[in-house]
Amino acid sequence: MDAAKTSSIRGILLVLPSMLWLLVFAIIPIVVLLCMSTWTSTMFGIERTWDLKNYVTIVSDSVYATILLRTARIAVIATLLSLLFSYPLAMFLVSMKGRTRSLFLLLMFLPFWSSYVVRSFTWLPVLGRAGLINQTLMSLGIINEPIEWLVFNEGAVYVGLVYVYTLFMVLPIFLSLDRIDPQVLEAARDLGGKPYQVFMKVIWPLSLPGVWSGCVMVFLISVGAYVTPQLLGGTQGTMIGNVIATQFLNTNNWPLGSALSIVLIVMVAVLFAIVGRRLGLKQLFLGERA
Amino acid sequence: MTEGAWQTAALRIYAALFYLFLYVPILVLIVLSFNDSPAMGFPFMGFTTKWYSNVLAGGELVAAMTNSVLIGVVSAFIATALALLTSLGLRHRFLMKGVVFPIILIPIVMPGIVSGVLLLVYIGISGVPYGLWTAVLPAHITWVLPFAFLTLHPQISRFDYALEEAAMDLGAKPFEVFTRVLFPIIRPALIATLLFSFTISFDEFIRTLFVISVDRTVPIYLWVLIMDRVVPFLPAIGVVLMTISMLIAGAGFVLSQRSPSR
Amino acid sequence: MTDRLKLPSMHRRDMLKLGAGAALAAGFGGAAGAQEVTLEVMLPNAIISGKGREIVEKAAGVKLSDAPFQSTPDAVSRLMAPGGTSRFNINFGIVDFARQPVLGPSAGSEKVAALDLAKIPNFSKISAPYKGAIIERGGKTYGVPILLGYNTVVYNTEKVDVKDPLLQSWGALFEDKYAGKIGWFENAHQMIFAAALYLGKDQPSSMSDAEVREVGDFMIKKKKNVRVIWTSFSQAANLFATGEMNVAFATLPVYTQLTAQGMKVGRSWVKEGVQSLIGDVFIPKDSSHQDKSHAVINALLSDEYAKILPGISGYLSPNGIAGEGLSEQEKLDAGYGINSGVTKHRPMPIPANLNTWIEVWGRIKSA
């Protein structure tokens, strides 16, 4: 057997375990989801009607389109904000060495070990009417009445999402930055590159795989988020995750929930296809060995 | 100051602000855990340690923590292993290679509730009992896998194959190449991935909610509490969780510093 | 070479955790393992907490293990899902929402077992107002009521004028008076029902699609007065105590919990009628230990349990004995006025066009 074929077989064998696992736990569930989306919810449970009624509902009612667009918008902005805030921190971590670096890394992980449920309740005591910020500002005499708009609006949702997902963005960027050979950086500087140029031409491009990992993770989770927007968004925080959750938990309409989920998955897939092609995502990510 | 020094100073100030942002809610949590008030918030109505005695007395939190830790460790290892294999495999060329990436992302794209419900349906049909290890573990592994992959893959795909080629030229077999060339270099990334995977599993609750029966993981235990009960001792629980994690991590840290570095 | 990431060796730390974990698990495992039967139940947690749990476990001779109860529709859907007829030993549902799914469209399609009333002697103690909530078909009984709850307007007595007549009406949740301090509840049916009552609809569950949308438009107009839409108890308590909401739609257990924790809240007997709900229990038809499940149901209807149920959850028991021995005023305060008809209340049958309600609620939330 020639080398190419051996390599091909080896490749398939290596990806087989995870693909088999996902066949059972991801692909078949999607097929089930598709089937459920064509059924109808009735008083007595789910009837297998095999029609597209749910999709018609989704397409014809402008509510869903509004929420889907809003969700996409919030997710994109949350991802960009997260990137903006996380990148400098990843740079900082890389500039640290040895035990200090480990310490700061651990300090970053630590808040995430307090459990999501707990964390989601800590924003109100900070941003709320009787919260820390308001109380501090009032005791300093800067304001007389508590500021109402720190929470229960879209802005608060961004704060919540970015906070909860910092780890997801910092880590992959940090790992990518860490791999950059300092000799390359030195060479760039020796060749007369100013810091800004070194960054744009050397550091940033080399960190892109990590950046994309982080963005993909944060975007995907934000798109499906429903606890954070529900807790912090007040009456403005409805995202598609909430609507889907309601179908499964409150209104017992699994078929509609399934149809909404399929629509969401399709929307995300389309976004990825468009953005990915424009930015050469696939090459970047699946870069085969040269 | 030199340009480099400005840069370092700016980064440090930024980091300070960032950690402040990260820890303000945590500090608030600590303060509130001593708040003698039935609400989980300000105004501060007096200092008390009763929430801690409340939390530490019941064995439920400890049981939940044990479950969460065990599931977290096992799913982290399995998911990381699967992710590693996949990543290595993607360095080769083969038919239909393009579908691997989208498939790996499916668990993240599917909203948590949907995954939970589908797993519930699965298990119901198959007759497998709803247990911690039969239902919750697969759910966690599936959820963690894409994150492990996304974290690990960029580190492996950019790996300089020349090193491996050199090793093979020197007569090393593929397995040896892996253990002696590739593995030591990606080891930091592997460790980070394991830690990250553990953290994700530890926090996951929505998928677990549908397939768990009477066991509790930490998030489920807390979620059930807050859903239909007033829980003034929630901040105390959060602090206890973080303290225990910190102690374990700290112990591991100290122990690893004692070992001779490679 | 750049300094490599010196995180603590994963192996060592995990050994530590595994070791500790195993030791703890062994410790716990040893303690359990009685010969007692353990029943897995899907019931609102409040009703089998504390003393309630003790009473039921003792009377029925079992150990109770509770699954995470999220909401009634969720509990019912677990029953309907594949495998649902054997997963839990006892399931729960608000009678109006559970009756049809549980019975199925025709005889023979029931998801739950026909109850052997000989094993539930306390069945005879169910008082008259609750008889309508017994789920039966063809002479057999399938579901038995075990509690009555109600939803109403709850307010922070320290922040509002308790004599304000608006508080005695559902309008408190909509009108501008408490703008910025109002809390709604995340439930399409109940919220729209409340608004419909305020707008004067006498039978909200029979509203036509157009009427439902009309109510929805009203709610969208008033949405600007709402501070938050809450889902969990703790959240509601938190929001009251921190002054984010002073007036809110609340379910009975929330009110009971808040007062039990010492918070100064009051609840109204709103003049348009509080929303009353009766909860039933069922035995999934393929579950194990059904005789024990019967014993538990019997315990839930017992005199002893009926007397403490209001204390642990606020709910009233169909067993009329709990109301005895209380003064007229005490009875009214506890909610027994609903039973006797003195307090105005509205049962909530499922509307035939529930999907419209849900769609309208979705629109309200995304407006």
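Calculation rules
- Every chain begins its residue count from 1, and numbering advances along the sequence as written.
- Starting at A for chains and at 1 for ligands, labels are handed out in the order in which the entities are written.
- Since the coordinates come from a predicted model, pLDDT governs what is reported: local features require at least 70, and pairs of side-chain atoms require 80 or more to be given and counted, while whole-chain, interface and lining totals use all residues.
- Hydrogen atoms and water are omitted, and side-chain values are computed over all heavy atoms in the structure.
- Helix numbers and strand numbers start at the N terminus; a helix is a DSSP run of H or I with at least 4 residues, a strand a run of E with at least 2.
- Buried residues are those whose accessible area, probed at 1.4 Å on protein chains only, stays under 20% of the maximum for their type, while exposed residues exceed 50% and partly exposed ones sit between those limits.
- Methods summary: accessible areas were calculated by the Shrake-Rupley approach with a probe of 1.4 Å, and residue burial reflects only the protein chains presented.
- Residues counted as positive are Lys and Arg, residues counted as negative are Asp and Glu, and His and the chain ends are not counted.
- Where a charge sits is defined by one atom per residue type, namely NZ (Lys), CZ (Arg), CG (Asp) or CD (Glu).
- Salt bridge criterion: a side-chain nitrogen from Lys or Arg within 4 Å of a carboxyl oxygen from Asp or Glu.
- Here, two residues are considered to be in contact whenever any of their heavy atoms come within 4.5 Å of each other.
- The term buried area means the drop in 1.4 Å probe accessible area that two parts suffer when joined, counted for both and summed.
- Whenever two N or O atoms come within 3.5 Å, that pair is a polar contact, provided that in protein one can donate a hydrogen and the other can accept it, and provided that, for residues adjacent in sequence, both atoms are side-chain atoms.
- Patch definition: residues above 30% relative accessible area lacking any salt bridge, with like charges linked at up to 9 Å and the nonpolar side chains Val, Leu, Ile, Met, Phe, Trp and Tyr linked at up to 5 Å.
- Axis lines are fitted through C-alpha atoms, for helices just across the contact stretch, and the angle between N-to-C directions can take any value from 0 to 180 degrees.
- Should an angle fall under 35 degrees it is taken as roughly parallel, and over 145 as roughly antiparallel, whereas 65 to 115 is taken as roughly perpendicular and any remaining angle as oblique.
- Should the near helix be turned anticlockwise from the far one by less than a right angle, the crossing is termed left-handed; should it be turned clockwise, right-handed.
- Throughout, the ten residues Ala, Val, Leu, Ile, Met, Phe, Trp, Tyr, Cys and Pro are labelled nonpolar, Asp, Glu, Lys and Arg are labelled charged, and all others, Gly among them, are labelled polar.
- Marked domain ranges trace back to an automatic or database domain assignment.

1. Some details on the overall build of chain B
Within chain B, the secondary structure is distributed over 11 helices and zero strands. Counting helices and strands in the order they occur from the N terminus, chain B gives α-α-α-α-α-α-α-α-α-α-α. Overall size of chain B, expressed as C-alpha extent along the three principal axes, is 70 × 70 × 35 Å. Among the 262 residues that make up chain B, the fraction classed as buried is 63%. Only carbon and sulfur atoms are counted for the fraction: they give 70% of the accessible area of chain B, which is about 9,800 Å². Of the side-chain charges in chain B, 14 are positive and 12 negative, and the distance between the mean point of each set is 4 Å.

2. Some thoughts on the pattern of salt bridges
Using the criterion set out here, one finds 27 salt bridges over all chains in the structure. A salt bridge links Glu154(A) to Arg73(A), with the nearest nitrogen and oxygen atoms 2.8 Å apart. Taken together, the residues Glu154(A) in helix α8 (residues 154–178) and Arg73(A) in helix α3 (residues 62–95) connect sequence positions 81 residues apart. For Glu154(A), a relative accessible area of 21% gives the class partly exposed. Overall, Arg73(A) belongs to the partly exposed group, its relative accessible area being 38%. As a salt-bridge pair, Asp176(C) and Lys224(C) come within 3.5 Å of each other at their nearest N and O atoms.

3. A closer look at the interface of chain C and chain A
Each partner contributes residues to the interface: chain C has 45 residues there, and chain A has 38 residues. Between chain C and chain A lies a buried interface of about 3,700 Å² when both sides are counted; carbon and sulfur atoms form 56% of it. Put simply, Arg363(C) and Asp61(A) hold a salt bridge, and the shortest N to O gap is 2.9 Å. The interface formed by chain C and chain A includes 10 residue pairs in polar contact (both at pLDDT 80 or more). Those elements that provide at least two residues to the side of chain C that touches chain A are α3 (72–80), α5 (95–103), β7 (226–230), α8 (233–241) and α14 (354–366) of chain C. No other element matches the seven residues that α14(C) contributes to the side of chain C that touches chain A.

4. Remarks on a nonpolar patch on the surface
Residues and elements named next belong to chain A. A contiguous nonpolar surface patch, about 640 Å² in accessible area, is contributed by Ile 9, Ile 12, Leu 13, Leu 16, Leu 20, Leu 23, Val 24 and Ile 28. For Ile 9, the position within the fold is in helix α1 (residues 3–37). Using a relative accessible area of 40% as the deciding quantity, one classes Ile 9 as partly exposed.

5. Considerations on the packing of helix α6 (residues 132–157) of chain B against helix α8 (residues 174–203) of chain B
Residue and element names in this part refer to chain B. The geometry of α6 relative to α8 is characterised by a closest axis approach of 9 Å and an angle of 155 degrees between their N-to-C directions. By the angle between their axes, α6 is roughly antiparallel relative to α8. As for how α6 packs across α8, the hand of that crossing is right-handed. For the pair formed by α6 and α8, the contact residues are His 140, Trp 143, Val 144, Phe 147, Ala 148, Thr 151, Leu 152, Gln 155 and Ile 156 on the first element and Ile 186, Ala 189, Leu 190, Thr 193, Phe 196, Ser 197, Ile 200 and Ser 201 on the second. The residue makeup of the contact of α6 with α8, split by class, is 11 nonpolar, six polar and no charged.

6. Comments concerning the interface of chain A and chain B
With 96 residues of chain A at the contact, the number on the chain B side is 93 residues. Across the interface of chain A and chain B, roughly 9,000 Å² is buried in total on both sides, 78% from carbon and sulfur atoms. Where chain A packs against chain B, one counts one salt bridge. In this structure, Arg119(A) engages Asp203(B) in a salt bridge whose closest nitrogen and oxygen atoms are separated by 2.7 Å. Counting the contacts that link chain A with chain B gives 13 residue pairs in polar contact (both at pLDDT 80 or more). The dominant element in the side of chain A that touches chain B, judged by the number of residues it contributes, is α1(A), at 22 residues. In terms of residue class, the side of chain A that touches chain B is made up of 72 nonpolar, 17 polar and seven charged.

7. As for the domain arrangement of chain C
All names here are of chain C. Under the domain assignment, chain C is made up of domain 1 (36–148 + 278–339) and domain 2 (149–275 + 347–366). A separation of 27 Å is found between the C-alpha centroids of domain 1 and domain 2. Domain 1 puts 14 residues into the contact, and the matching count from domain 2 is 13 residues. Together domain 1 and domain 2 conceal approximately 1,100 Å² of surface at their shared face, both sides included; 62% is due to carbon and sulfur atoms. Taken as a group, Asp 96, Phe 97 and Ile 338 account for 40% of the area that domain 1 buries against domain 2, more than any other trio of residues on that side. At the boundary of domain 1 and domain 2, one finds zero salt bridges. Across the contact surface, domain 1 and domain 2 share one residue pair in polar contact (both at pLDDT 80 or more).

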